[in-house]
Structures are given as structure tokens and as C-alpha cells.
Amino acid sequence: MSKPKVLVNRDDIPTAGLDLLRTKCKLTILPGSNSTREEILRAIPGHDGFYFFGHVNVNTDFLDIAGPSLKVISTISAGFDHLDVPEIKRRGIKVGHTPIVLNAAVAEIAVMLLLNAARRAHESRSLLERGKVEAKPQWLLGQDIRGSTVGIVGLGMIGLAIANRLVPFEVGRFLYTGHAPKKSADEIGAEFVSLDDLLELSDFVIVATPLTIETHGLFDDAAFDKMKKTAVFINIGRGAVVKTDALLRALKEKKIFAAGLDVVDPEPLPKDHELLTLPNLEIVPHIGSATIKTRRDMAIVAAQNITNALEGKPLVYPL
Ligand SMILES: O=CC(=O)O
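As the structure is a computational prediction, the values presented were derived from the model and not from experiment. (Residues numbered from 1 in each chain as written. Predicted model: local features only at pLDDT ≥ 70, side-chain atom pairs only at ≥ 80, totals over all residues. Heavy atoms only, no water.)

**Student:** I would appreciate a short explanation of the pattern of salt bridges in the present structure.
**Tutor:** Oppositely charged side chains are able to pair whenever their charged atoms sit close together. Scanning all chains against the criterion turns up 22 salt bridges. Its salt-bridge partner being Glu129, residue Arg125 comes within 2.5 Å of it at the nearest N-O pair. In this pair, Arg125 and Glu129 both sit in helix H6 (residues 121–129), four residues apart, roughly one turn of the helix. Across the pair Lys293 and Asp297 runs a salt bridge whose closest N-O atoms are separated by 2.8 Å. Taken together, the residues span about one helical turn, with Lys293 and Asp297 both in helix H11 (residues 292–310) at a distance of four residues. On the basis of relative accessible area, Lys293 is assigned to the exposed category, the value being 58%. Because the salt bridges share partners, they merge into one network encompassing Asp64, Glu87, Arg90 and Arg91. (Salt bridge = Lys/Arg side-chain N within 4 Å of Asp/Glu carboxyl O. Helix = DSSP H or I, 4+ residues; strand = E, 2+ residues; numbered from the N terminus. Buried < 20%, exposed > 50% of the residue type's maximum accessible area, 1.4 Å probe, protein only.)

Dropping the structure here:
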């Protein structure tokens, strides 16, 4: 029997994932890392699986063009806001993603951003490079984590991983908000509160929620207005949870102390965007899961999603 055919959208995916897929499938790998949607759509008909990295929007149009051979897709990401999951499933196509294996790496980036934003790392470095160091007792003062209130918007596994990593910094109190209280919050003694209370009370506000209809644009001017002037805002969830213009105003007008972003809307942020001129913004270009081990693990898990489905077994992480 011939091997099932799987389309891969780029040739720079960690080889461990591609090698695993090759043991059971015949791969069509699109060359380079910049295949356009049109190129993907031209290639997909006749394939049983689609294995991909990046925000390929798998929606009705995509599925119509892919045709009836498509049985499984797996994104090499935890987030799945680029997938029309109900429509994919309605067509009997299996769909997987790669959560859990990236929790630690994303939590580490969150802690890095939080420390850097609280202690003005970007601003300090920039002053140093410009020869503007001043040995004054009240220069470049930052915010303490010790004794602070940390509010987490979306206490899922990543939110919890971040909180656990902050415990040794002697956080005073953890708050969280979301749909409903969670048993796992007991692990860190976190208190369930409304979003408004969290915004008003927190010294650090950490967004670790996925992008959904409910969270889209959640952080607007009104949200930043409720936060403390000394608050540090961190987003490692999805950029569109925050209205970028509102965040820009909050940072420029010092409504909050600083922000740390792994994600932003749009991505990539244009290099001449005003956000990049602000001293009180720490920003990295969506590299939360970008460690050698994590990206390898993600590639492997996504490959297992595909091979399992094609063998009629449950996916490792189905949606
Ligand atoms: O943002 C990263 C992911 O969703 O994997």
C-alpha cells in the first residue's frame, strides 16, 4: 500500500519532526520558508495531511480547495486562532496542535520580559550606549516583584507555569481572572477576581490567554485607565488581545510604568512603529517557544498528531 501524502509548508522545520513523518508518509515539502497561501493552495489537493508552521489560515476556502483527500492537519503551535476548528471538524478532518511542550519556554520568556520591564533593562542599555550614565541615587529606579501583587489574565497551564516561576521572587499575592475559578490556582494560592479588580489591584498584569472572540481587544483604553500608574503589563498570549494604540497611549502618557511583549498586533511590528521608540517597552518578536529543544518537541508532537490520525489512532493533542 502506498504511503499517505503529507504537505509541509516550509523546509526549515526541525528535522526530528520531518524524519518522523517520513517514516510513515510521503512528504511534499514546499521549498524555503515563505510559501504564499496561493502556493500552499496550489499544492494541497490530493494530500492526506497538512503539517505546518506559521499562521496559515485554514478556513472554508482552504478546505474547499484541499478537497476530500485531506484527513488531518497539525499546526506546529499551541495557539490555533488561525484555524477554523469547528469547520475543519465538521468536515471530519482531524486537527491537532502542540500545547504543553512549550509551557516552560513561554513561561521563561514571560519572566524575562517581566524582569526586564520592571527593571528598565532596555532603557538602561540604551542610556549606557549613548554615554548617558548618571550615578544618582534615584536614577533608573524600577519596580519590585518582592511583596507585589501579580494578576494573571488566563490561568491556564502557561499562566500557572509563569506563576510558579515567580513564587521564588517572593510575590505577595497572586490574582487571576477568567471564565471560572480553577482548582489548579490552589497550587499558588491565587485568588479568583473580576477583570476590573485584577486591573485595579495588580502591580504586574500578565496576559496568558488565547485569542478568542471574548478576549479580542480586551485591553483597550478603559482597561489601561484602570491599572496602577506603577503597573507593569506583560503579554505572552496573543497580540490582538490588546489594542495596540491603547497600549501605545498608556506607555507614552505614563498611565502605566512599562510593558513587556512577546506578541503584538500586527506581527511583525513594522520597524518604524512608534512603540519601538518608547523607553518603557521591552519587546521581542514572538519568540516565546523559540528554544532548540522546545521547537524540536513541537515539531515531533505535530508529526505524531499527523501519523496517529492517519493510522486511525487518537492524536497526541487534538483540538
Ligand atoms: O505562540 C506560540 C504558539 O501558539 O505556539
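Having put the structure on the table, let's press on.
**Student:** Quick question: what am I supposed to make of the nonpolar core here?
**Tutor:** One recurring pattern in soluble globular proteins: nonpolar side chains tend to sit buried together. Counting residues in hydrophobic clusters, the biggest one holds 53 residues, and the most contacted among them are Leu21, Tyr51, Ile162, Leu166 and Ile236. Membership of the second largest hydrophobic core comes to 28 residues, among which are Val242, Ala246, Ile256 and Ala259. (Core = buried A, V, L, I, M, F, W, Y, C linked by side-chain atoms within 4.5 Å.)

**Student:** Could you clarify how one ought to interpret the site of the ligand in this entry?
**Tutor:** Every residue lining the ligand is accounted for by Ser77, Ala78, Gly79, Leu102, Arg238, His286 and Met298. Residue Arg238 places a side-chain N or O atom 2.7 Å away from an oxygen atom belonging to the ligand. Expressed as a share of its isolated accessible area of 190 Å², the protein-covered part of the ligand is 86%. Tallied by class, residues from the shell around the ligand come to three nonpolar, three polar and one charged. (Near = heavy atom within 4 Å. Polar contact = N/O pair within 3.5 Å; in protein donor to acceptor, adjacent residues only side chain to side chain. Areas by Shrake-Rupley, 256 points an atom, 1.4 Å probe, with all protein chains shown as cover. Nonpolar A, V, L, I, M, F, W, Y, C, P; charged D, E, K, R; others polar.)

**Student:** Looking at this structure, I do not really get the UniProt feature "domain: D-isomer specific 2-hydroxyacid dehydrogenase NAD-binding" (unreviewed entry) in the chain. What am I missing?
**Tutor:** Mapped onto this structure's residue numbering, the UniProt feature "domain: D-isomer specific 2-hydroxyacid dehydrogenase NAD-binding" (unreviewed entry) falls at residues 111–288. Annotated as residues 111–288, this span is 28% helix and 15% strand, and its ends, taken at the C-alpha atoms, are 11 Å apart. (UniProt positions renumbered as here; feature names shortened; annotations may be inferred.)

**Student:** Is there a simple way to explain the side chain of His47 in this structure?
**Tutor:** Among the structural elements, His47 can be located in the loop between helix H2 (37–43) and strand S3 (49–52). Dropping the residues within four chain positions of it, His47 is found in contact with Lys5, Val6, Leu7, Thr28, Ser69 and Leu70. (Contact = heavy atoms within 4.5 Å.)

**Student:** When you look at the sheet that holds strand S10 (residues 232–235) in this model, what are you seeing that I'm missing?
**Tutor:** In any sheet, the strands associate via hydrogen bonds between backbone groups, in a parallel or an antiparallel arrangement. Strand order in the open sheet formed by seven strands is S8-S7-S6-S9-S10-S11-S12, and the pairing between neighbours is parallel. With partners counted over all chains shown, the strands left at the sheet margins are strand S8 (191–192) and strand S12 (281–283), one partner each. When strand S9 (residues 204–207) meets S10, the two strands line up parallel, connected through four bridges. Across the sheet, residue Val207 finds its bridge partner in S10, namely Asn235. (Pairing = 2+ DSSP bridges.)

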